[in-house]
Structures are given as C-alpha cells and as structure tokens.
Amino acid sequence: MPVPYDRRRTFAIISHPDAGKTTLTERLLVAGGAIHLAGNVKARGEARRARSDWMKIEQERGISVTSSVMTFEHDGLQFNLLDTPGHEDFSEDTYRTLTAVDSAIMVIDAAKGIENQTRKLFEVCRLRDIPIITFINKVDREGREPFELLDQIQDELQLDIAPMVWPVGMGGQFAGCYDLETNQFLTIADQAKGEASGAFGKIVECSGIDDPQLDPLVPQNVLESAREEIELIGAGYAEFDQEAYREGHLTPVVFGSALRDFAVANLLDLIARHAPEPRASVTDKRTVKPDEKPVTGFVFKVQANMDKNHRDRIAFLRLCSGQFKRGMKLRQVRTGKDVMVHSPIIFMAQDREIAEEAGAGDVIGLPNHGAIRVGDTFTEGEDFRFTGLPAFAPEILRRVRLVDTTRVKQMRQALQDLSEEGLIQVFKPDIGSQWIIGVIGQLQLDVVKDRVRTEYKVELDFEPAPYQAARWLRSDDEKALADFIKAHKSAVMDDRDGDPVYLAESVWEMNYKTQKHEDVQFLKTKELE
C-alpha cells in the first residue's frame, strides 16, 4: 500500500555556505534509516562522500551547487528531502526548489548567526508561506551565546521563537542537549567528563532540568547555567504552537551538532509531528488540492548527466495531486503532447529505483532526451499551468569562445542542455555568431566550464561582453515592441524560448531606455511556462 498523501513530508534545507547543511542532510538520512555510513563531508573517497553532493566540482570544493532529492520512509511516514545549493551564485536553482516543498529547515552556524544567504532564502520562504524549523548547528564549538542567537532571529526575521532543544554548555564546555518537550538529556555514550566533544550516544530520561541524576553527568557550573537559562526560556519565549508555525509566524528552534549527531533525531521527529502535509498548488486557472484524483505536477528542475555512465537527462516532477502509477500517460501542457511514463525514478541521492507509484508531495524523475524543461506542467488532460516558477535576469554576461572551432555542434548542445536545466541563460544574437551566456554569480561560470569539459569534451573560454544588464521585453502594443526591436537590432537577442531580451551596455542606459519607451516593459523576471 502506498503512503497516503497526508503521511508525506516534503521539505528543503536552506543555509549559508559552510553552516553544515550537507552534513545535516546526511545525518537525517542516517537517522531515518536511509543510509548507514555517515562520513565526514571533507573526507576524500567515494564511500565517505556526503550522499547528496555528486557533481565533481562539489566534491572537490565541499559545497553544494545543485539540488538533490532524497526519499526515505521512517515511522510510517514518507520524507522527501530536497537539498538545495548553499552557494549564493545558485540562488535561482534554490528558489525553484523551494516552490516544490511544503516546509524548510533553516540551518544557522552558532558562531556566525544569520548570514546573508540565509536571510535571502528566508525571504523566499516567507514569500511562499513556507513554515520553517530552525537548527542552530555546531554548538559543540565556540560560538555566540544561545540567547544572542535567538534575539537575532527574532529581531532580523520578525519571527516568534519556541526553543525545543537547548544546549547544555557550548564549545569546550559542551556536555549535551536537553529536549524541553520530552525532558530527555542527550549526551555522549562515555560519560567521562572532559569527553563532551564525543558523538551523541545516550539518552537520559529526566523528570526535569533539576533532576539530580544530571549532577554527576555535567560539570556543576555548566549545569547551573543551563538550569538558569531553561528557567528564563519558560518566562521569555512563546510555547510551541503548531498553527502559528504552519502559518509562518513562529519557528521552533533546535540547538545541536550535525557532525556529532546531537539533536538530529529530535529534528526529524519535529518534522514528522508538526511539518505540514502536501499543500494546495496554484495554477493560472484554479487551485489544485492534493486529495484530487487526477494526477498533476510541475517540473522544477532538470538535471543532465547525473550518471556519468549514461548520457541521461532527468526532469524532477513535484506531484501536486492524484496517485501516479508507472506506465501512465500524462499530458505535457506546453506542447499538448501525451507522454507515456515508462521508467519514473525515485531518488536516494545517486541511488535510484524505478517508482511503481507515487502520490501528492512526492518528487519523481522523468528520464527524457531534452523534450521536458523547467516550468513544464503535466496533467491527465486538463489544460492549466502551475504558476510561480521564475527565471531571473542574469547579473553577469559573458561571450562564449570555443577553443576548438570544429566542436561547434557539441558546444551548442552543451549550452542548450545547461540552459534547459536552468543553470545558465543563453542568448543568440541576430547579428554575429558568438553566443552570450548569462549567470547570477561567478561560480556558475566555473561550473559551466567544468561540466562542458567533463560531460561534452568541449573546452570553453568566456570573454567580457559589452553588456551590463539584461531585461525581457514585453508590450501590449505589438507595433511598439516590433519598432523597438528593429531600432536596437544589435542589442536584442532571443532567449531559449525565442522571447526577446534587451542587453544594455550600462545600468544607466537600461534606465534611460525604460523611461524613454514607456509602452515597452523591461522585465527582471519571467514566468517559466
């Protein structure tokens, strides 16, 4: 029997780079029984790589630059964990991934507090009403005071706080974590004092923080501080309220250490008990509820060449309603064509299985040869389009230079594939032959160069382009738009969909054109269709 939709939890993990997101992802998979080896993320060797970081450049740099999907079952629930890029140059990919989840875990480094990328991603969650659980990581290292971290969350993010798991000591004095809801003390297996930096291995059932059995386990000064802090929590912070959390007004906070496995199981338990089931999804015609019978879904990501042994291409489809079965025929709304889904995939990072069935909230992979792209809606025949999947105007524009000019065909294929993944935007000039690519950040250029070389055996270089800004053109007045394009032929190019894009040599020029041509819209974002 498949898991009913209300027993599914689809969530993402968001953070600034190096806050410990990839380590937490792996520990959650271990806690959920999905994998048995949890290796240090920085360790070399395939067996000890974090399971979600699969691309070569990720493994070399120890960062996530693509979004992975991992499915596992635990305690009668099905969890779909979407790991997002932490690096800000890949924020567009992260934004689209957040359209496919129902809740999120925000990971904060105890030493650094809320950082720039965390703040940006939080705003995306707020925009989409995605409820957030906060995990304050690395409490076993020297860091800020717990109350200072809570005040920052409260002040900067305007959220009510409900502490759920509290650190007993921090840094060199870290002795464990105390679960305020269950009155359990999480400590290391070997209770010898001075070894508090060891991994979690023992739960002590307590009657409360004043339970005398804690006295021999924790140094007196550390325990006295923890008791005072926990007393203050009761007076100073809200009690956990599921409704306020689901509406996005309150965040439960768990202090822990992903690397040492402290409070990871407690975090998973919070998601299981309180995170929302799959929610209703908005289309251009109506709202689709998860308990509807017809199968519907949208593609939020396309990934090429996940398996270096096969030139494959997989579209990640978030199911919004219905009970999908392998072999079903689904309508691709953009093209009007019916697609027979023979080999849908469920993911365990690099490990894959054929999905015999799936339901609302699940993410399945559709293998294809370039016919499916980001933003595509699939239904059982109904004609509508899921909304809210954007493309952003690029911030860096570069000319593409091919090192070996005999490999033009391969270069075109590579750029087309990467643009359909949403990694880059490609602009084809009407005049001249050099293509221009647009990205959000510098690291994306490194990834493009690396992937084109390893996956397509093509050497690329990027040269400065004479453009500083790009905007999509739209107008209700067809003649005004045609006249503008004709007058600016060398600066207007087509994107992958054939939509016109105006490239300006400076921000001043873009502002000038915007003011001068009021009957033409210059758009920073474009809805993917």
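Residues numbered from 1 in each chain as written. Predicted model: local features only at pLDDT ≥ 70, side-chain atom pairs only at ≥ 80, totals over all residues. Heavy atoms only, no water.

### So, the overall build of the protein chain
- Of the regular secondary structure elements, the protein chain holds 12 helices and 32 strands.
- In the protein chain, buried positions account for 57% of the 529 residues.
- Nonlocal contacts in the protein chain, meaning residues at least 24 apart in sequence, comprise 70% of its contacts between residues at least 6 apart.
- Entry remark: accessible area of the protein chain is about 22700 Å², with carbon and sulfur atoms responsible for 46%. (Helix = DSSP H or I, 4+ residues; strand = E, 2+ residues; numbered from the N terminus. Buried < 20%, exposed > 50% of the residue type's maximum accessible area, 1.4 Å probe, protein only. Contact = heavy atoms within 4.5 Å. Areas by Shrake-Rupley, 256 points an atom, 1.4 Å probe, with all protein chains shown as cover.)

### Observations concerning the packing of helix α1 (residues 21–31) against helix α8 (residues 264–274)
- One can describe the packing of α1 onto α8 by two numbers: an axis separation of 9 Å at closest approach and a directional angle of 75°. Classified by the angle between their axes, α1 and α8 sit roughly perpendicular to one another. Note on element contacts: α8 touches α1 through Val264, Leu267 and Leu268, opposite Leu24, Arg27, Leu28 and Ala31.
- Taken together, the residues of the contact of α1 with α8 sort by class into 6 nonpolar, no polar and 1 charged. (Axes fitted to C-alpha atoms, helices over the stretch in contact; angles between N-to-C directions. Parallel < 35°, antiparallel > 145°, perpendicular 65-115°, else oblique. Nonpolar A, V, L, I, M, F, W, Y, C, P; charged D, E, K, R; others polar.)

### A few points about the pattern of salt bridges
- Per the counting criterion, the structure on display carries 27 salt bridges.
- The shortest N-O distance in the salt bridge between aspartate 376 and arginine 334 comes to 2.6 Å. In this pair, aspartate 376 sits in the loop between β21 (363–367) and β22 (377–379) while arginine 334 sits in the loop between β16 (329–332) and β17 (337–340), placing the two residues 42 residues apart along the sequence.
- Using a relative accessible area of 0% as the deciding quantity, one classes aspartate 376 as buried.
- We classify arginine 334 as partly exposed; its relative accessible area is 34%. (Salt bridge = Lys/Arg side-chain N within 4 Å of Asp/Glu carboxyl O.)

### A closer look at the confidence of the model for the protein chain
- Of all residues in the protein chain, 87% have pLDDT values of 70 or greater, and the mean over the chain is 84.
- For residues 37–51, every residue scores under 50 in pLDDT, and the model assigns this stretch 30 contacts once sequence neighbours within four places are set aside.
- Low confidence marks residues 191–197, where pLDDT is under 50. Its contacts with residues over four positions away, or in another chain, come to 13 contacts. (pLDDT = per-residue confidence, 0-100.)

### Some thoughts on the packing of helix α9 (residues 408–421) against helix α10 (residues 442–456)
- One can describe the packing of α9 onto α10 by two numbers: an axis separation of 11 Å at closest approach and a directional angle of 125°. In terms of axis orientation, α9 runs oblique to α10. Crossing of α9 over α10 shows right-handed handedness. On α10, the residues that touch Gln410, Ala414, Asp417, Leu418 and Glu421 of α9 are Val448, Arg451, Val452 and Tyr456. (Left-handed = near helix turned anticlockwise from the far one by under 90°.)

### Observations concerning the nonpolar core
- Leu24, Leu28, Ile105, Phe135, Phe185, Phe300 and Phe324 are the most contacted members of the largest nonpolar core, which has 127 residues in total.
- Apart from the residues lying within four places of it in its own chain, the contact partners of isoleucine 105 are Phe11, Ala12, Ile13, Ile14, Leu24, Leu28, Ile133, Phe135, Leu267 and Ile271.
- Counting 23 residues, the second largest nonpolar core, distinct from the first, contains Ala414, Leu423, Val458 and Leu460. (Core = buried A, V, L, I, M, F, W, Y, C linked by side-chain atoms within 4.5 Å.)

### A look at a negative patch on the surface
- Side chains of Asp476, Asp477, Glu478, Glu518 and Asp519 sit close together on the surface and give a patch of like negative charge.
- Secondary-structure assignment places aspartate 476 in the loop between β28 (469–474) and α11 (478–487).
- A relative accessible area of 81% means that aspartate 476 is categorised as exposed. (Patch = residues over 30% accessible without salt bridge, like charges linked within 9 Å, V, L, I, M, F, W, Y side chains within 5 Å. Lys, Arg positive; Asp, Glu negative; His and termini not counted. Charge placed at Lys NZ, Arg CZ, Asp CG, Glu CD.)

### With respect to the packing of aromatic side chains
- The final tally for this structure, using the stated rule, is 15 aromatic pairs.
- Measuring from ring centre to ring centre gives 6.0 Å for phenylalanine 240 and tyrosine 245, while their planes differ by 45°; the resulting arrangement is tilted. Across the pair, tyrosine 245 and phenylalanine 240 agree in class, each one buried.
- The interplanar angle of 80° and the centroid separation of 6.1 Å between the aromatic rings of tyrosine 502 and phenylalanine 522 together place this pair among those described as edge-to-face. Of this pair, tyrosine 502 sits in strand β30 (residues 500–504) while phenylalanine 522 sits in strand β31 (residues 521–523), and the two are 20 residues apart along the sequence.
- Within the aromatic cluster, the residues linked to one another by ring pairs are Phe147, Trp166, Tyr237 and Phe255. (Phe/Tyr/Trp six-rings, centres within 6.5 Å; stacked < 30°, edge-to-face > 60°.)

### Points about the sheet that holds β28
- The strand order β27-β24-β26-β25-β29-β30-β28-β31 describes an open sheet built from 8 strands, whose pairing is antiparallel. The open sheet has two edge strands, β27 (460–464) and β31, and neither has a second partner. Each adjacent strand pair in this sheet contributes to an overall mean axis angle of 45°, direction not counted.
- By the bridge criterion, 2 bridges tie strand β25 (residues 425–429) to strand β29 (residues 492–494) in an arrangement that is antiparallel. Counterpart to proline 429 in the pairing with β29 is methionine 493.
- Most of the contacts of α9 go to strand β24 (residues 396–402), to which it runs at about 155°, and overall it touches β24, β25, β26 (436–439) and β27.
- Against the sheet, α10 makes contact with β24, β26 and β27, and its axis sits at roughly 150° relative to β27, the strand it touches most. (Pairing = 2+ DSSP bridges.)

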